[in-house]
Amino acid sequence: MKTTMTVNGQASTLDLDPRTTLLDALREHLNLKGSKKGCDHGQCGACTVLVNGVRINSCLSLAVMHDGDAVTTIEGLGVVGALHPLQEAFLKQDAFQCGYCTPGQICSAAGMLKELADNWPSQETADLTAAIVATDAEIRERMSGNICRCSAYPQILAAIRDVVGAVA
Amino acid sequence: MSSIADWATPNPVTENRSGLIGKAVDRYEGPLKVTGTAPYAYEVEAPSPPVQGAIVTSAIARGRVAAIDTAEAEASPGVLLVWTHKTIPAQGARGARINPRSQRPSSPVMDSDEVRYFGETVAFVVADTLENARAAAALIKVTYDELWAVVDFPASLGLAENPPGEEDVRIGDFETAFAAAPVTLDETYTSPIQNHVQMEPCATTAWWDGDKVTVHTSIQMVKGGQHALAETLMIPSDDVHLLTRYIGGGFGGKGQSYDDLSLAALAARELKRPVKVAYTRQQMMLGTIHRPATIQRVRLGATPDGRLTAFALDGYTHCARDALFTEHFANFARSLYAAPNRLTGHKLVKMDLPGAGPMRAPGEASGMLSLEVAMDELAEKLGLDPIQLRLINEPERDPETGKPFSIRQLARCMNEGAQHFGWDRRNPKPGQVRDGRWWVGMGMAAAIRADYLLPAKAGARITADGTITLLQGMTDIGTGTYTILAQITAETLGVPLSQVRVEIGDSNLPPAPGSGGQFGASTAGSAALDAGMKLRVALAHLAVGDPNSPLYGASPDLVTFDDGKIRFGNQSEDLSTLVARAAPEGVYAEGSISPPADRRDVSLHTYGAHFAEVGVDMDTGEVRMRRMYGVFAAGRILNAKTAKSQITGGMIWGVGTALTETNSVDPRYGSLINQDVGGYLVPVHADIVDLDAVFLDEVDDKANPMGIKGVGELGISGAGAAIANAIYNACGVRLRDYPMTPDKVLAGLIAAGL
Ligand code: FES
Ligand code: FES
């Protein structure tokens, strides 16, 4: 099936097997291997990408469902030499070890920052009418769909905190 | 190197003139990882686009494949190849070695109709795309002749035997001393099957060039993988080029190769094109090794003032019938506390399950879960603080061997940790502190993990532009190997980090044993230091023998290296200038490490102390980690940043161990029930609240030439027990069965009338 997506700002038309997941389309057809496959079941977050600015598990979505969508992957956030602030912060805070969950963590964090800015509540949000404060608890809750088996969680929080800034 | 005494002589790493050793430098390969451009095994560029494999696994635990119908699969779109035990090409016999020097024997796949565990490979498909391969794999119909299988560990203890070549270790007369002890404890603790759950599933991309195969695979041990594949393919090991540059987590589970490696290589040969094969998450759970369950009995006898007189830790664990492995949960205890009468040992049940094998701190990770809770229980019986009880039983020398400790700062770890954590605020009486609907409690545990040093080689090359490349068949599984090798090399040659490159994960490079047993940094790093020293010697001779060098005629022994320069007195020149002029083809030197025999004459360990504060929900029994702090003594630290990440990562594994991680065997089928990360619960962000760790200043000059030790496995050792003890302190429910899930806590609360 013909599917046209804008991936990292570039329009691509792919002729895909309808069973192809968005993750496999990126990895196998567009040579964007930064998005990782950890479980293929929507359980680990390694495949997180942004679709029209919203984070999703790309393994849980068929590529042909994304005709006309704008997809941003880790490759679209920053490159070596011109890192995205989150990538910079991950590097500085040692927010990864094996690195396999990392693109997903960073894309997820990017999506989360926008959710915070847009005042989307989470389970940790006490007051649904007030502006959301990016507390550590909010960040942890919102990042919990991204497993890091190396368990760089304290460092990932510190990296995201670097970008969000301190909150009172 | 003939004696550990030689290691007292200063070297560039111990002198650390430019201060790179210990510095919190960013990861060498970090920019690639944060941009998603580090190619893992399934992602490497092959000479032409690879076709993709899909594995079909068995649905019984033991028996034979009676019939296997592949007709539909073969006719399915895009299918290039379907193999079963009947059609797979010949492989080396299981366990055979053509080359006697092979570190690993042949490990054939589908070599017979026999099924040895639920999840074993029974068929394999390659197709043009993954979608086609998986669809075809789903069309394969397998029927089995099922045999009775041993899969229920607690029900099979009658089959337990001593591990091969092992017996219980007895010192003094445990039984008599235990019977005579005024205060005793006799409790049994159980730990479940655990899975590594590396985020990257096992994967291989393979292609052939004539008789030689190139494989990119995700494995912790380069030589082991190369040799196993060569034996399986029945070809010389030099014809296997194995690369493993980036590894998405190992934790012991990728210490060996799996069927993805053999199948990718075999299929690439058959199809004459690159093939890639990855395990699914479910196949990772079923078809790779796991940490086996344990049933451990601890018996402690003490005097009323807290001196241990009788000490025993023994019990049961299990492994696969034909893949012997013992989770040595009692070994660490032989070096931990003083007691004149001692008994430690293991009994092993061989079962029809997938292989049991090493997982982060094999032995300690399981065994400390029992002993460190037992010590907490004994302290309460004695009316002593748990730290006090441990201090009373601090041994002067290794309690079983009598060997001197290289250095042992366990007491300091406990004392400094207690002070930082606010241990004095702990109410020794459980169930006294409430915070809303939470009971709050504190617990602590000691940590110990053995330290090893293995033989290894390394190469160092300087090219005409002054770049120094460290070359080693070593791996980085997230541990920081790239980074610490760069630091060691830069410090040794006196050059800035930016001038150093690191090439590892390649079977063509000087061999190192790989990542495991927290021996990686010591072993690979010591060889890298030696390679750097050898390169210094070569460069010194080059300079003093070159009439165009300002160092011409100087004594090579008095030449120094700093700031990218080679120097004698006030004469110096840039290394790049020297090499470009005098050896434009570059200079290469090789170094090595082999542990001297007298290293065995000292008791060598890393130590630590864990402190945990938990909340227990009084209504649901849910346990939440609130605070955790660890103090560790692990020799000189090479990189403050990566070492800390290793140790906090280990502590978080302790949280998972204590609270959520378990796999269960379905006794009907012999399958592991939790086959994905929706069922097997590892800690996530929300589970880890306030967690921190520090290292004590330490140099262990008996450990290796750098005075460093491993940090990858120390953090998990004892961590789960600290949480278990905190649960008891919070609510008065003493659990001895890991993980401490709400159902167990709640049952305890109800039984206590709470
Ligand atoms: S690979 Fe998509 S969530 Fe795990
Ligand atoms: S860095 Fe290894 S899983 Fe997160």
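What counts and how
Residues numbered from 1 in each chain as written. Chains lettered and ligands numbered in written order. Predicted model: local features only at pLDDT ≥ 70, side-chain atom pairs only at ≥ 80, totals over all residues. Heavy atoms only, no water. Helix = DSSP H or I, 4+ residues; strand = E, 2+ residues; numbered from the N terminus. Contact = heavy atoms within 4.5 Å. Pairing = 2+ DSSP bridges. Axes fitted to C-alpha atoms, helices over the stretch in contact; angles between N-to-C directions. Phe/Tyr/Trp six-rings, centres within 6.5 Å; stacked < 30°, edge-to-face > 60°. Buried < 20%, exposed > 50% of the residue type's maximum accessible area, 1.4 Å probe, protein only. Polar contact = N/O pair within 3.5 Å; in protein donor to acceptor, adjacent residues only side chain to side chain. Domains from an automatic or database assignment. Buried area = accessible area lost by both parts, 1.4 Å probe. Salt bridge = Lys/Arg side-chain N within 4 Å of Asp/Glu carboxyl O. 1 Å grid on protein atoms, 1.4 Å probe; cavity = no way out; pocket = protein on both sides within 12 Å on 5 of 7 lines; lining within 4 Å. Points joined across faces, edges and corners; volume = space filled by probe spheres on them. Nonpolar A, V, L, I, M, F, W, Y, C, P; charged D, E, K, R; others polar.

On to the environment of Tyr452 of chain B. Residues and elements named next belong to chain B. One can find Tyr452 in the loop between strand 17 (438–450) and strand 18 (456–462). Taking the C-alpha atoms as reference, Tyr452 lies 8.2 Å from Lys709; in sequence the two are 257 residues apart. Setting aside residues no more than four positions away along its own chain, Tyr452 makes contact with Gly517, Phe519, Ser522, Thr523 and Arg599.

Residues and elements named next belong to chain B. Here 5 strands make up an open sheet; going across it, the order is 7-15-14-13-8 and the pairing mixed. The two strands at the open ends of the sheet, each matched to only one other strand, are strand 7 (169–171) and strand 8 (183–191). Going from strand to strand, the sheet's axes swing by 10 degrees on average, the running direction of each strand aside.

Quick look at the packing of aromatic side chains now. Across all of its chains, the model carries 11 aromatic pairs over all chains by this definition. Aromatic side chains Tyr100 of chain A and Tyr40 of chain B sit 5.1 Å apart centroid to centroid with 85 degrees between the ring planes, which places their arrangement in the edge-to-face category. Placement of Tyr100 of chain A in the loop between helix 3 (85–93) and helix 4 (102–117) and of Tyr40 of chain B in the loop between helix 2 (30–34) and strand 1 (51–57) is noted, with the two residues assigned to different chains. No difference in accessibility class separates Tyr100 of chain A from Tyr40 of chain B, as the two residues are buried. Ring geometry for Phe632 of chain B against Phe695 of chain B: centres 6.5 Å apart, planes inclined by 55 degrees, an arrangement best described as tilted.

Residue and element names in this part refer to chain B. Within the secondary structure, His346 is located in strand 15 (residues 341–351). A polar atom in the side chain of His346 sits 3.1 Å from the backbone nitrogen of Phe329. Of note is the side chain of His346, whose polar atom sits 2.8 Å from the backbone nitrogen of Ala330.

Residue and element names in this part refer to chain B. Assigned domains within chain B: domain 1 (4–38 + 454–594) and domain 2 (363–452 + 600–751). Tallying the contact residues gives 31 residues for domain 1 and 28 residues for domain 2. Taken over both partners, the interface formed by domain 1 and domain 2 buries close to 2300 Å², and the fraction arising from carbon and sulfur atoms is 58%. Linking Asp26 and Lys641 is a salt bridge whose minimum nitrogen-to-oxygen distance equals 2.4 Å. For the interface between domain 1 and domain 2, the tally reads 15 residue pairs in polar contact (both at pLDDT 80 or more). Residue assignment for the side of domain 1 that touches domain 2 shows that the elements contributing at least two residues are helix 1 (12–15), helix 12 (481–493) and helix 13 (520–544).

Attention shifts here to the layout of surface pockets. Considering only enclosed or pocket space, the second largest pocket measures out at about 840 Å³ in volume. Along the lines of polarity and charge, the residues of the lining of the second largest pocket split into 12 nonpolar, 9 polar and 9 charged.

So, about the sheet that holds strand 2 (residues 63–69) of chain B. Residue and element names in this part refer to chain B. If you trace the 3 strands from one edge of the open sheet to the other, you get 4-2-6, paired in antiparallel fashion. Looking at which strands have only one partner, the edges of the open sheet turn out to be strand 4 (114–115) and strand 6 (141–146). Relative to strand 4, strand 2 runs antiparallel, the two sharing 2 bridges. Note on strand 4: the bridge partner recorded for Gly63 is Val115.

All names here are of chain B. When you tally the buried positions in strand 15, you get 9 out of 11 residues, the bulk of the element. In this sheet, strand 15 lies alongside strand 7 in antiparallel orientation, the contact comprising 3 bridges. Within the sheet, the bridge partner assigned to Ile171 lies in strand 15 and is Arg342.

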